[in-house]
Amino acid sequence: MGNYAIAIHGGAGSLMTGTVTAEKEKEFNDKLSEALQAGYNILSKEGTAIDAVEAAVRVLEDSPLFNAGKGSVFNSDGINEMDAAIMNGKNLRAGAIAEVHTVRNPISAARAIMEKSKHVLLASTGAEKFAKEAGLEIVDPSYFYDDNRHKQWLATKDNDSINSWAGDGIPEGTKKHGTVGCVALDSQGNIAAATSTGGINNKKFGRVGDSPIIGAGTYANNKTCAVSCTGEGEYFIRNVVAYDISALMEYKGLTIAQATAEVLKKVALLGGEGGLVAIDAQGNISAPFNTNSMFRGWINTAGEKFTGIFR
Ligand code: ASP
């Protein structure tokens, strides 16, 4: 049985050490740990990377702590509008979904698009119809309502500000992106990536971020790496971040650490904030961010587990 490993993120942001209550910090770390474990249990039984990334992301989508699924932020219309993508590095197959309001686990809908349709990206009502026909769990949009997120939206909706985030145990004015993502290597040597998000608080209705754009927020190729991004999506789209990391490894022979650092520098040069998790086919993990914090965790090829928020 070959090496296997997994890494996740729960979003990058401006949280500073000491500004979040110890209780809240534990809650975040426990949920990250649970998500890692869900994916790792699959990998340790010779399961596939694609199953592992989907399972880990579903745990984070079902938690109100993160801006994806149940914890999604509100758009400028006061609606939760979600995006997600998944990619299999073994065969470069990919599926993505954008602007959905009723699919409980958008990542599973992305996977259904990858496996049960001839397309890569479905959006809006068509995507919802597809998810329903594929047998996925459909919920009333009120399922995604969260009081803290709603307060956050009310505080920003009239001033065109897009991502100031405060919630229970988190200081006012904190920027937190909160998208969730996972990358994994399985014992067969295949890698995969998955990303799911509610986008950015108070985003314009119909706005689609980087998460469901293959090559921008999500990418996987066995030859190079699997990548899942978080941050100001527009900058990640303009820099084609996930594919650029892969291209630097493929065409310039950079290591995963060198490639991720190089591309994140380009994001910062344009003024963009965020981070990512990436893994290569040997199980090397890279999780850089140019913000104060990034919810993140991994279990490496030695079986060592880490979860953390701050630098
Ligand atoms: N990248 C996501 C987007 O722009 C937001 C985030 O990471 O929180 O939709």
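Residues numbered from 1 in each chain as written. Predicted model: local features only at pLDDT ≥ 70, side-chain atom pairs only at ≥ 80, totals over all residues. Heavy atoms only, no water.

Things to note about the overall build of the chain
Consideration 1: Scanning the chain from N- to C-terminus turns up eight helices and 12 strands.
Consideration 2: Rg of the C-alpha trace for the chain: 17 Å, near the compact-globule value of 19 Å for 311 residues, within the 12% margin.
Consideration 3: C-alpha atoms of the chain, sized along the principal axes, occupy 50 × 45 × 35 Å.
Consideration 4: Across the 311 residues that make up the chain, the buried fraction comes to 59%.
Consideration 5: Contacts in the chain between residues far apart in sequence, at least 24 positions, make up 68% of those at least 6 positions apart.
Consideration 6: The distance from the centre of the 30 positive side-chain charges to the centre of the 35 negative ones in the chain is 3 Å. (Helix = DSSP H or I, 4+ residues; strand = E, 2+ residues; numbered from the N terminus. Rg over C-alpha atoms; globule rule 2.2 N^0.38 Å. Buried < 20%, exposed > 50% of the residue type's maximum accessible area, 1.4 Å probe, protein only. Contact = heavy atoms within 4.5 Å. Lys, Arg positive; Asp, Glu negative; His and termini not counted. Charge placed at Lys NZ, Arg CZ, Asp CG, Glu CD.)

Concerning the sheet that holds strand β9 (residues 274–280)
Consideration 1: Within the open sheet, the four strands sit side by side as β7-β8-β9-β10. Their pairing is antiparallel. The two strands at the open ends of the sheet, each matched to only one other strand, are β7 (218–220) and β10 (285–286).
Consideration 2: By the bridge criterion, two bridges tie β9 to β10 in an arrangement that is antiparallel. Looking at the pairing, Ile-279 lines up with Ile-285 of β10. (Pairing = 2+ DSSP bridges.)

Focus on unusual backbone geometry
Consideration 1: Of note in this structure, Glu-46 is not a glycine but carries a positive phi near 65°.
Consideration 2: For Glu-46, the location among the structural elements is in the loop between α1 (22–44) and α2 (49–61).
Consideration 3: Positive phi outside glycine occurs at Ser-124, with the angle close to 55°.
Consideration 4: For Ser-124, the location among the structural elements is in helix α4 (residues 124–133).

Quick word on the pairing of β9
Consideration 1: Extensive coverage of β9 is indicated by the burial of seven of its seven residues.
Consideration 2: The alternating pattern of β9 places Gly-274, Leu-276, Ala-278 and Asp-280 on one face and Gly-275, Val-277 and Ile-279 on the opposite face, and all of these are buried.
Consideration 3: Between the antiparallel neighbours β9 and β10 lie four residues, among them Gly-283 with a positive phi of about 95°.

What to know about α1
Consideration 1: In this model, α1 (23 residues) spans 32 Å end to end at C-alpha, consistent with the 33 Å of a helix rising 1.5 Å per residue.
Consideration 2: Those residues of α1 hidden inside the fold are in contact with β1 (5–13), α2, β5 (180–185), β11 (293–299) and β12 (305–310). (Expected span 1.5 Å × (residues − 1).)

Observations concerning the nonpolar core
One recurring pattern in soluble globular proteins: nonpolar side chains tend to sit buried together.
Consideration 1: The biggest cluster of nonpolar side chains holds 51 residues, and the ones touching the most others in it are Ile-6, Ile-8, Phe-66, Ile-86 and Ile-97.
Consideration 2: Here this core gets eight residues from one element, more than from any other, and that element is α2.
Consideration 3: Judged by nonpolar contacts, the second largest core, of 34 residues, contains Leu-185, Tyr-219, Ala-220 and Phe-289. (Core = buried A, V, L, I, M, F, W, Y, C linked by side-chain atoms within 4.5 Å.)

Here we look at the packing of α2 against helix α3 (residues 106–116)
Consideration 1: Contact geometry of α2 with α3 gives a least axis separation of 8 Å together with a crossing angle of 150°. Considered as vectors, α2 and α3 are oriented roughly antiparallel to each other. Side by side, α2 and α3 meet where Ile-50, Asp-51, Glu-54, Val-57, Arg-58 and Glu-61 of the first sit next to Pro-106, Ile-107, Ser-108, Arg-111 and Met-114 of the second.
Consideration 2: For the contact of α2 with α3, the class distribution of residues is five nonpolar, one polar and five charged. (Axes fitted to C-alpha atoms, helices over the stretch in contact; angles between N-to-C directions. Parallel < 35°, antiparallel > 145°, perpendicular 65-115°, else oblique. Nonpolar A, V, L, I, M, F, W, Y, C, P; charged D, E, K, R; others polar.)

What about the environment of Thr-197?
Consideration 1: Along the polypeptide, Thr-197 turns up in strand β6 (residues 191–197).
Consideration 2: For Thr-197, a relative accessible area of 2% gives the class buried.
Consideration 3: It is 9.3 Å that separates the C-alpha atoms of Thr-197 and Ile-107, two residues lying 90 residues apart in sequence.
Consideration 4: What Thr-197 contacts, discounting residues up to four positions off in sequence, is Asn-67, Ala-68, Ser-72, Glu-81, Met-82, Asp-83, Thr-179 and Ser-211.
Consideration 5: A distance of 2.6 Å separates a polar atom in the side chain of Thr-197 from a polar atom in the side chain of Thr-179. (Polar contact = N/O pair within 3.5 Å; in protein donor to acceptor, adjacent residues only side chain to side chain.)

Digging into the confidence of the model for the chain
Atom-level detail of predicted coordinates should not be read off regions where pLDDT is low.
Consideration 1: Of the residues in the chain, 94% have a pLDDT of 70 or more, and the chain-wide mean is 93.
Consideration 2: Per-element mean pLDDT across the chain ranges from 86 in helix α5 (residues 147–156) up to 99 in β7.
Consideration 3: For residues 164–168, every residue scores under 50 in pLDDT, and the model assigns this stretch 22 contacts once sequence neighbours within four places are set aside. (pLDDT = per-residue confidence, 0-100.)

Describing the pattern of salt bridges
Consideration 1: If you walk through the whole model with that rule in mind, you get 11 salt bridges.
Consideration 2: Across the salt bridge formed by Lys-24 and Glu-27, the nearest N and O atoms sit 3.8 Å from each other. Note that Lys-24 and Glu-27 are positioned in helix α1 at a spacing of three residues, about one turn of the helix.
Consideration 3: Take Glu-27: its relative accessible area is 39%, and that puts it in the partly exposed class.
Consideration 4: A salt bridge links Glu-115 to Arg-111, with the shortest nitrogen-to-oxygen separation between them at 2.9 Å. Of this pair, Glu-115 and Arg-111 both sit in helix α3, four residues apart, which is roughly one turn of the helix.
Consideration 5: Here the salt bridges share partners, and the residues they tie into one network are Asp-51, Glu-54, Arg-111 and Glu-115. (Salt bridge = Lys/Arg side-chain N within 4 Å of Asp/Glu carboxyl O.)

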